[in-house]
Number of protein chains: 2
Amino acid sequence: MTAVDPSAPKSAYDRSCAATASGGTDGRAIRDVLDRIGDKWSLLVIGTLRDERLRFSELQRHIPGISQRMLTLTLRQLERDGLITRTVHAEVPPRVEYELTELGATLIEVATALAEWAIARHPLIEQSRAAYDAR
Amino acid sequence: MTAVDPSAPKSAYDRSCAATASGGTDGRAIRDVLDRIGDKWSLLVIGTLRDERLRFSELQRHIPGISQRMLTLTLRQLERDGLITRTVHAEVPPRVEYELTELGATLIEVATALAEWAIARHPLIEQSRAAYDAR
DNA sequence: CCGAATCCTGATGGATACTG
DNA sequence: CAGTATCCATCAGGATTCGG
């Protein structure tokens, strides 16, 4: 399960690697997505909204350490990208709820794969770092 | 294939989401990996080394736009994390070759999934952005 | 050829104070 | 409650120069 089939046909990844640097369409796609999920909070917000529709203050409690500013900015970006929806209820005090879209839900699948890889391989990485730093 | 099963047991992703913010072990794993592949060049270098062992100058040619400095830094990080190996051949002029490790090869699999998601969903994202900006 | 060292810029993100 | 506005520190990363 670890080896990569060298005879595999050109994959999205192959195309992306050449395309990213040369500015092709696929490359922009990869860069766009990486810029989003690569930032500090987006993936965390997505994950928090996985199976709950939450309001602003609830999100802030679920994600310790996030500032109001960053939560706002992150939510705006995700909404703009169509990964979450923002619903304002006309009440006092105001109530705003955020929910994952279908598109956002599909991202969780690949994010899960990434998270599982990270958790599974992290010990090896830490070990490698320790060995490297010890030289 | 798009929907997420709400009855699914706690996944690595669930754990990671809570753990990342609270500083748990899993959370650090996710953050570490995201900090690596989320940066500008790492994933691109990994992809370029997918099925070729390349030397420094070759990498630089394969990845247009990367500076010497960033290539060096990126390679050092990846080597430290055990994702690539660095081999110095005692010759003049010097020849240094970089190669993917087994660990690095496993990363390509999840990176491919991410790349495919990005390319497949990018049109919807762009469309959503356009709609958002038009308001 | 393969870097290391230095300088410099823009972007990211935290802290804080204020508002409808 | 759910933001907005402002200021400020940090840092990734580009350009350039020098060295083994």
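See the structure shown above.
Let us look at the structure shown here. (Residues numbered from 1 in each chain as written. Chains lettered and ligands numbered in written order. Predicted model: local features only at pLDDT ≥ 70, side-chain atom pairs only at ≥ 80, totals over all residues. Heavy atoms only, no water.)

On to the protein's contact with DNA strand C. Lining the immediate environment of DNA strand C, one finds 19 residues, of which Lys40 and Arg69 of chain A together with Ser57, Arg86 and Tyr98 of chain B sit closest. For DNA strand C, the fraction of protein-proximal atoms (within 4 Å) that sit in sugar or phosphate groups is 62%. A distance of 2.7 Å separates a base nitrogen of DNA strand C from a polar side-chain atom of arginine 69 of chain A. The contact in question runs from a phosphate oxygen of DNA strand C to an N or O atom on the side chain of arginine 76 of chain B, over 3.1 Å. (Near = heavy atom within 4 Å. Polar contact = N/O pair within 3.5 Å; in protein donor to acceptor, adjacent residues only side chain to side chain.)

In this model, helix α5 (residues 68–80) of chain A (13 residues) spans 18 Å end to end at C-alpha, consistent with the 18 Å of a helix rising 1.5 Å per residue. Taken residue by residue, α5 of chain A has Leu71, Thr74, Leu75, Leu78 and Glu79 of chain A as its buried positions. Projection of α5 of chain A onto a plane perpendicular to its axis shows the buried side chains occupying an angular sector of 130 degrees, all on one side. In this structure, the buried residues of α5 of chain A make contact with α2 (25–37), α3 (42–48), α4 (56–62), β2 (84–89) and β3 (95–100) of chain A together with α6 (102–134) of chain B. Immediately downstream of α5 of chain A, the backbone of glycine 82 of chain A shows phi near 80 degrees, a positive value. (Helix = DSSP H or I, 4+ residues; strand = E, 2+ residues; numbered from the N terminus. Expected span 1.5 Å × (residues − 1). Buried < 20%, exposed > 50% of the residue type's maximum accessible area, 1.4 Å probe, protein only. Arc of directions from axis to C-beta. Contact = heavy atoms within 4.5 Å.)

What follows deals with the protein's contact with DNA strand D. Near DNA strand D lie 20 residues; those nearest to it are Gln68, Arg86 and Tyr98 of chain A together with Lys40 and Arg69 of chain B. The sugar-phosphate portion of DNA strand D accounts for 59% of its atoms within 4 Å of the protein, the bases making up the rest. One of the backbone nitrogen or oxygen atoms of proline 94 of chain A is found 3.3 Å away from a sugar or linking oxygen of DNA strand D. Within the side chain of tryptophan 41 of chain B, an N or O atom sits 3.4 Å from a phosphate oxygen of DNA strand D.

Bringing the relation of the copies chain A and chain B into the picture now. Mapping chain A onto chain B calls for a rotation angle of 180 degrees and an axial translation of 0.0 Å; the resulting RMSD is 0.1 Å. Those values place the two copies in the arrangement expected of a two-fold rotation axis. The C-alpha atom lying nearest the rotation axis in chain A is that of glycine 38 of chain A; the distance is 2.2 Å. The residues that chain A uses at the interface reappear at the interface of chain B in 98% of cases, marking a shared surface. (Least-squares fit on C-alpha atoms with pLDDT ≥ 70 in both.)

Attention now goes to the packing of helix α6 (residues 102–134) of chain A against helix α5 (residues 68–80) of chain B. Viewed as axis vectors pointing N to C, α6 of chain A and α5 of chain B meet at an angle of 110 degrees, and their least axial separation amounts to 8 Å. One way to sum up the angle between α6 of chain A and α5 of chain B is to call them roughly perpendicular. Residues Ile125, Ser128, Arg129, Tyr132 and Asp133 of chain A of α6 of chain A pack against Arg76, Glu79 and Arg80 of chain B of α5 of chain B. Looking at the contact of α6 of chain A with α5 of chain B, its residues break down into two nonpolar, one polar and five charged. (Axes fitted to C-alpha atoms, helices over the stretch in contact; angles between N-to-C directions. Parallel < 35°, antiparallel > 145°, perpendicular 65-115°, else oblique. Nonpolar A, V, L, I, M, F, W, Y, C, P; charged D, E, K, R; others polar.)

A separate point is the side chain of glutamate 97 of chain B. All names here are of chain B. Here glutamate 97 shows up in strand β3 (residues 95–100). On the basis of relative accessible area, glutamate 97 is assigned to the buried category, the value being 11%. Polar side-chain contacts of glutamate 97 include one of 2.7 Å to the side chain of arginine 53. At 3.4 Å, the side chain of glutamate 97 and the side chain of arginine 95 are in polar contact. Once residues within four sequence positions are removed from consideration, glutamate 97 is found in contact with Arg53, Leu54, Arg55, Thr85, Arg86, Thr87 and His89.

This next bit is on the packing of α2 of chain A against α6 of chain B. As a packed pair, α2 of chain A and α6 of chain B sit with axes 8 Å apart at the nearest point and diverge in direction by 85 degrees. Classified by the angle between their axes, α2 of chain A and α6 of chain B sit roughly perpendicular to one another. Taken together, the residues of α6 of chain B that come into contact with α2 of chain A (itself represented by Asp26, Arg28, Ala29, Ile30, Asp32, Val33, Leu34, Arg36 and Ile37 of chain A) are Leu114, Ala115, Trp117, Ala118, Ile119, His122, Glu126 and Arg129 of chain B. Within the contact of α2 of chain A with α6 of chain B, the residues separate by chemical class into ten nonpolar, one polar and six charged.

With that settled, the discussion passes to the interface of chain A and chain B. Contact residues are listed per partner, giving 66 residues for chain A and 65 residues for chain B. Summing both partners gives a buried area of about 6200 Å² for chain A against chain B, and 64% of it is carried by carbon and sulfur. For the pair chain A and chain B, the number of links is eight salt bridges. Between aspartate 32 of chain A and arginine 129 of chain B there is a salt bridge, with the nearest N and O atoms lying 3.1 Å from each other. Where chain A touches chain B, the interface holds 20 residue pairs in polar contact (both at pLDDT 80 or more). Of all elements in the fold, only α1 (12–22), α2, α3, α5 and α6 of chain A reach the threshold of two or more residues within the side of chain A that touches chain B. Top contributing element to the side of chain A that touches chain B by residue count: α6 of chain A, with 26 residues. Of the residues assigned to the side of chain A that touches chain B, the class counts are 33 nonpolar, twelve polar and 21 charged. (Buried area = accessible area lost by both parts, 1.4 Å probe. Salt bridge = Lys/Arg side-chain N within 4 Å of Asp/Glu carboxyl O.)

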